[in-house]
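Next come the chains, spelled out residue by residue.
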Amino acid sequence: MQQNSNQEVLEGISISKKCRHCNDALPDHQDDIIFFENETFCCTGCKTAFEILSANGLQDYYKIDIEPGLKVSEDNEIYDFLENEEIQSSLLKYSSEDFNKVVFQVPAIHCSSCLWLLENLYRLHDGVIRSVVDFGKKKVTIDYNPELLSLKELAVLLKKIGYSPHISLEDEQAEQIDNESRSLMIRIGVAGFAFGNIMLMSFPEYLGLDDDLGEFAPYFGLVNFLLAIPVFFYCSTVYFKSAWSGLKQKYLNIDVPVSIGIITLFFYSSYEVFSGTGPGYFDSLAGLLFFLLTGRWFQNRTYRNLSFDRSFTSYFPLAVHRIKDDLTREVIPVRNLTIGDVIQIRNTEVIPVDCIVKDDSALIDYSFVTGESRPVKKGKGELIFAGGKLIGKSASFEVKKVLSQSYLTSLWNNEIFNKSDEFVADKILNRVAKYFTWVILFLAFSFAIGWYFIDPGKTVSVFTAILIVACPCALSLTIPYTFGSAQSVLGNIGFYLRNSDLIEKLLKIDHIIFDKTGTLTTKDNSKVNFIGYKPLLRSQKANIATLCSQSVHPLSVAISEYLLESNTKLDAIIDDFTEVSGKGISGKVDNEIYKLGSKEFINTEVAIPSSSVCLSINNEFIGYFEIKPEYREGIDDLFDQLSQMKYDLSVLSGDNDNEKSNLADLSGNKAELHFNKKPDQKLENVIDLKKGGEKVLMVGDGLNDAGALKAANFGLAVTDQTTSFTPASDAIVIGNNLSKLPQILKFAKNSGKVLWVGITISLLYNLVGLSFAAAGMLTPVFAAILMPLSSITIVAFSTLVIKFIGKKIFSK
Amino acid sequence: MKIIIILIATSLVVALTFLVLFIRAVKAGQFDDTDAPARRMLFDNKSENQSDST
């Protein structure tokens, strides 16, 4: 594209090539640049944002962090649905006559300036009482006065300054996670408190000074017992619950031996203290719980701003415009639509229910639902499935099925989405735990019986000592710390795991399936460039886009999508529209005659590359659009490396097979290519492969992959923005990082090896402890040293080695 | 030796106080978002006057 020269002086105003607000490049044509207070703007949206901020003395916004502004679109109608009272009441956390509280998800929050501006909202409007940002979750909580400011006005205000709230009704889950992490933190606090104080109380005994205590000696034990009570009855319950639920399903998970250890520790120590036979092992008990809970906390750190469980409904709008009998429009929640209602859908809006077209024609983009990249033209009376996106002029539709019976909803009700995960029993640690538990019980009983014949007085103490020292504290820390660190290493390179345990699934993969549209290609599917003698005016772009949206030729669609900006209005009227099949299209818009098509169609002698579209306005050749299908960078390398790593590869596309030869070249003929696959066919394909004993990694992006992602052993969703909709998956990867998949898989395999080394180390510690216990020589001091030592070894080993491997693999 | 009992009792009371304060802080949500406060503390409260002059 042609750029203006970097700096030029026009009518005394210095023009930099960037927009003052959003720092994007200015429009190609000088007439489209907007001037305001000696600054330049790319669009009126950005100008308005700047105007609002400077009128309220908030220019510091531009100084606090580097280039904070984001492009502001001008379409303010999209929040009309907030006028609906039903939606309002489900969004408001608290509401009264003059005080409302609402929490908005604002994906645009990214720097300190955002935080500052959003917390200074009260300076923009008197109706705002207070606003607080949660940076990690990208949420802002706003208290406002509904008498001065309505919910819709609030949303529009946020949108005008570039912070469009993303509104969905799926928020409750997040609160639950918050409560869980809070209660875990309190447990850690209590265990740490008890650990420290019991150690303090035990010091005389550690140093062999307990004889000096004289008459006070019993009280030390008593205080330890009191301190251990909350540890046993409050902190440990998580492990008891988990062990119990494992036992109910008839298998031994790692929490069973842990629970046995904890229970034995508590009751045997209590017995020792009250019978006056010894000081007990309360210090070991509290230390054990402290380390275990910290491991759990480390493992549970998740990406709070990402959502891995979104259902398709969050991709749908909450409300639509219904056209009433008297032809006035009203906003109605989607779930309240009834059969026969007439709804109006505008450019780029999603069609929420199955319906039929009422207007003459409508252009629908199904790429997200079916993978078909080419928009389809539907005529009057044709049935349209929910999930398509309208492209071009707004159109009206008649509702045929209510939300709960739509095609997509029924796809989602497939049993695969309700099936629980069979993965738990298969985990490495639980397999180890199964043997571990039996071996420990066997050893405990046989040594106890052995001691019964040698020294009957020691039977019980040896039996309990074995159960105590064998408590697999270090063992159960291996997974959280190995995979927890691996998760954070992967997070740094834009690969976000839903939870750290899933790395284990990644190790075993042997077949990788890719979706095409949006996964191997970028979302728009093709890359368009305009090369011309002079830049196009914004109004001309809109006219060409309108003209192209009349045709369903893939090149027209690509051009139309390229020229459409979010705020372009497609309301221009076209006269004399003609389409010459295989040649081009022409039409008269705004008194200018536009022609698009082949060289012959335009009648020009200029040499242009193939697969380009020429443009003439008023029969004057202006330039051409260069169109290339766009695959993500490094896709050929990706296939090459993966096949070298002995993975089976396939591509399952919902699109037609136009790209077959291209894709075959790109993959070096190493992947099986399948086209025209419907969502349920993809799902069945994955299930078939799994039946054949293969472990499948599915990589996809759209609703059409949702079933396959869920059915696969590992579902990986690709997205270009973490804030946009992704189907439910095990991990999310940022589009540009997809080419790192070979390294990611290699890293996962290495993490698996580190895990096994960690398990070996912790078993060795257990062996040492066991031999002392079996010999009847386990003293409380020895236990109090051995347990923390083994835990710390594991934590240090796992985290450091994983970080080191991560550096080695990803720094290339 | 009696002094040791008093010392232990005092230290326990102090430790308990901190535990209670910690639990209250967690329940009040102080640890829910650790990023925002780190950025918030860098903002200048004077900015309102400064920006008037620019």
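Cut-offs applied
- Residues numbered from 1 in each chain as written.
- Chains lettered and ligands numbered in written order.
- Predicted model: local features only at pLDDT ≥ 70, side-chain atom pairs only at ≥ 80, totals over all residues.
- Heavy atoms only, no water.
- UniProt positions renumbered as here; feature names shortened; annotations may be inferred.
- Helix = DSSP H or I, 4+ residues; strand = E, 2+ residues; numbered from the N terminus.
- Buried < 20%, exposed > 50% of the residue type's maximum accessible area, 1.4 Å probe, protein only.
- Areas by Shrake-Rupley, 256 points an atom, 1.4 Å probe, with all protein chains shown as cover.
- Axes fitted to C-alpha atoms, helices over the stretch in contact; angles between N-to-C directions.
- Parallel < 35°, antiparallel > 145°, perpendicular 65-115°, else oblique.
- Contact = heavy atoms within 4.5 Å.
- Nonpolar A, V, L, I, M, F, W, Y, C, P; charged D, E, K, R; others polar.
- Core = buried A, V, L, I, M, F, W, Y, C linked by side-chain atoms within 4.5 Å.
- Domains from an automatic or database assignment.
- Pairing = 2+ DSSP bridges.
- Buried area = accessible area lost by both parts, 1.4 Å probe.
- Salt bridge = Lys/Arg side-chain N within 4 Å of Asp/Glu carboxyl O.
- Polar contact = N/O pair within 3.5 Å; in protein donor to acceptor, adjacent residues only side chain to side chain.

In the annotation of an unreviewed UniProt entry, chain B is listed under the name Cbb3-type cytochrome oxidase assembly protein CcoS and assigned to Mangrovivirga halotolerans.

Naming follows an unreviewed UniProt entry, where chain A appears as Heavy metal translocating P-type ATPase metal-binding domain-containing protein of Mangrovivirga halotolerans. In UniProt, chain A has this text filed under Subcellular location (unreviewed entry): "Cell membrane". Among the UniProt annotations of chain A, the heading Sequence similarities (unreviewed entry) holds the following wording: "Belongs to the cation transport ATPase (P-type) (TC 3.A.3) family. Type IB subfamily."

Explain the overall build of chain B to me, using residue names and the numbers behind them.
Looking only at helices and strands, chain B features three helices and zero strands. Across the 54 residues of chain B, 24% fall into the buried class. Just so you have it, chain B exposes about 4100 Å², and 64% of that area is on carbon and sulfur atoms.

Any chance you could break down the UniProt feature "domain: HMA" (unreviewed entry) in chain A for me, citing the residues and the numbers?
Listed under "domain: HMA" (unreviewed entry) in the UniProt record, and renumbered for this structure, are residues 100-166 of chain A. The span residues 100-166 of chain A is 27% helix and 28% strand, and its two end C-alpha atoms sit 19 Å from each other.

Outline the packing of helix α14 (residues 459-469) of chain A against helix α25 (residues 741-774) of chain A, supporting the account with residue identities and numerical values.
Residue and element names in this part refer to chain A. Axis separation between α14 and α25 bottoms out at 9 Å; the angle between their running directions is 170°. The orientation of α14 with respect to α25, classified from their angle, is roughly antiparallel. For the pair α14 and α25, the contacting residues are V462, A465, I466 and V469 in the first and N766, G769, L770, A773 and A774 in the second. Grouping the amino acids of the contact of α14 with α25 by side-chain chemistry returns seven nonpolar, two polar and no charged.

Account for the nonpolar core, naming residues and giving values.
Residues and elements named next belong to chain A. Counting 120 residues, the largest nonpolar core has L289, F495, I512, F514, L697 and F714 as its most contacted members. The dominant element in this core, judged by the number of residues it contributes, is helix α6 (residues 172-206), at 11 residues. Those residues in contact with I512 that sit more than four places away from it in its chain are L642, Y647, D648, L649, S650, L697, V699 and L745. The next biggest cluster of nonpolar side chains, apart from the first, holds 55 residues, and it includes C22, Y62, I109 and C114.

Run through the domain arrangement of chain A, naming residues and quoting values.
Segmenting chain A into domains produces domain 1 (8-64), domain 2 (172-315 + 423-509 + 695-812), domain 3 (317-351 + 354-401) and domain 4 (522-631). A separation of 26 Å is found between the C-alpha centroids of domain 3 of chain A and domain 4 of chain A.

Mind laying out the pairing of strand β9 (residues 319-323) of chain A, listing which residues take part and the relevant values?
All names here are of chain A. A large share of β9 lies buried, amounting to four of its five residues. Following β9, the chain reverses through five residues before pairing antiparallel with strand β10 (residues 329-333); L327 in that reversal takes a positive phi of roughly 70°. Two elements, β9 and strand β11 (residues 342-345), share three bridges in a ladder whose sense is antiparallel. If you follow H321 over to β11, its bridge partner there is Q344.

Explain the interface of chain A and chain B to me, using residue names and the numbers behind them.
In this complex, chain A contributes 33 residues to the contact, which on the side of chain B involves 25 residues. Its largest share of buried area at the contact with chain B, chain A owes to R182, F193 and F216 of chain A, together 21% of the area lost on that side. Our count for the chain A to chain B interface comes out at one salt bridge. Between R40 of chain B and E119 of chain A there is a salt bridge, and its shortest N-O distance comes to 2.7 Å. For the pair chain A and chain B, the interface holds four residue pairs in polar contact (both at pLDDT 80 or more). When residues of the side of chain A that touches chain B are traced back to their parent elements, those giving at least two are α2 (61-64), α4 (112-119), β7 (128-134), α6 and α7 (217-235) of chain A. Broken down by element, the residue count for the side of chain A that touches chain B peaks at nine residues, all from α6 of chain A.

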